[in-house]
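# A structural walkthrough
Below, each chain spelled out in residue letters.
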Amino acid sequence: MSNPTANFFDALDRRGHEPLLEDAVGSIRFDLEQDHEVDHWLLVIRRGDVHVSREESGADCVLRGSRAAFDRIVTGRSHIYAAWVRNELRAEGDVRLARLLQRVMPGPPGAQHPREFAHRKSGPA
């Protein structure tokens, strides 16, 4: 069975450098609950260089929630801010890092970048 959360973190780790996170330095640990167990993911960001591991070590920010809620976020079916408002995702520590995370979250299924959409609507130049 597909694991959207694992796929998201694996893809993020493979990027190595993420320009959208170049102003970030710190670590975020994700504690995601499923079936009375907790999966841990540690995201370390150093000026855009990203590394993901399964360590349960300390972090500057800790995000806690269900894996089902996080699966919805990483597949674009839910928004990270909406999950915070609904208390499906809780943040402790340096929440500025968690806010930066939104930059690398996927949009809704079928979403297009506004410039690409405008280019397609206006036709070729």
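Structure report, in brief. (Residues numbered from 1 in each chain as written. Predicted model: local features only at pLDDT ≥ 70, side-chain atom pairs only at ≥ 80, totals over all residues. Heavy atoms only, no water.)

## A closer look at the nonpolar core
Ranked by size, the top nonpolar core spans 28 residues in total, and within it Phe 30, Leu 43 and Phe 70 carry the most contacts. Within the residue set of this core, elements represented by two or more residues are α1 (4-15), β1 (25-34), β2 (37-46), β3 (49-53), β4 (61-66), α2 (67-74), α3 (80-85) and α4 (95-101). Residues in contact with Leu 43, not counting those within four places in the same chain, are Leu 12, Gly 26, Ser 27, Ile 28, Phe 30, Val 50, His 51, Val 52 and Leu 101. (Core = buried A, V, L, I, M, F, W, Y, C linked by side-chain atoms within 4.5 Å. Buried < 20%, exposed > 50% of the residue type's maximum accessible area, 1.4 Å probe, protein only. Helix = DSSP H or I, 4+ residues; strand = E, 2+ residues; numbered from the N terminus. Contact = heavy atoms within 4.5 Å.)

## Structural notes on the environment of Leu 32
Structurally, Leu 32 can be placed in strand β1. Its relative accessible area of 1% is what places Leu 32 among the buried residues. Leu 32 sits 31 residues away from Leu 63 along the chain, and the two C-alpha atoms are 8.1 Å apart.

## A closer look at the sheet that holds β4
Spatial ordering of the open sheet is given by β3-β2-β1-β4-β5, a layout of 5 strands whose pairing is mixed. Sheet topology places β3 and β5 (89-93) at the edges, where each strand pairs with a single neighbour. Across the sheet, the mean angle separating the axes of adjacent strands is 20° when strand polarity is ignored. Note: β2 against β3, 5 bridges, orientation antiparallel. Residue pairing for β3: Val 44 is matched across the bridge by His 51. Lying on the sheet, α1 is in contact with β1, β2 and β3; it crosses β3 at an angle near 140°. (Pairing = 2+ DSSP bridges. Axes fitted to C-alpha atoms, helices over the stretch in contact; angles between N-to-C directions.)

## Section: the side chain of Asp 31
Inspection of the secondary structure puts Asp 31 in strand β1. A distance of 2.7 Å separates a polar atom in the side chain of Asp 31 from a polar atom in the side chain of His 40. In this structure the side chain of Asp 31 is engaged in a polar contact, spanning 3.5 Å, whose partner is the side chain of Arg 64. With near-sequence residues (within four places) excluded, Asp 31 lies in contact with Val 38, Asp 39, His 40, Val 62, Leu 63, Arg 64 and Gly 65. (Polar contact = N/O pair within 3.5 Å; in protein donor to acceptor, adjacent residues only side chain to side chain.)

## Describing α2
α2 sits mainly inside the fold: 6 of its 8 residues count as buried. Listing the buried residues of α2 in full gives Arg 67, Ala 69, Phe 70, Asp 71, Ile 73 and Val 74. Each element contacted by the buried residues of α2 is listed here: α1, β1, β2, β4, α3 and β5. Phi turns positive, to about 80°, at Gly 76, one or two residues after α2.

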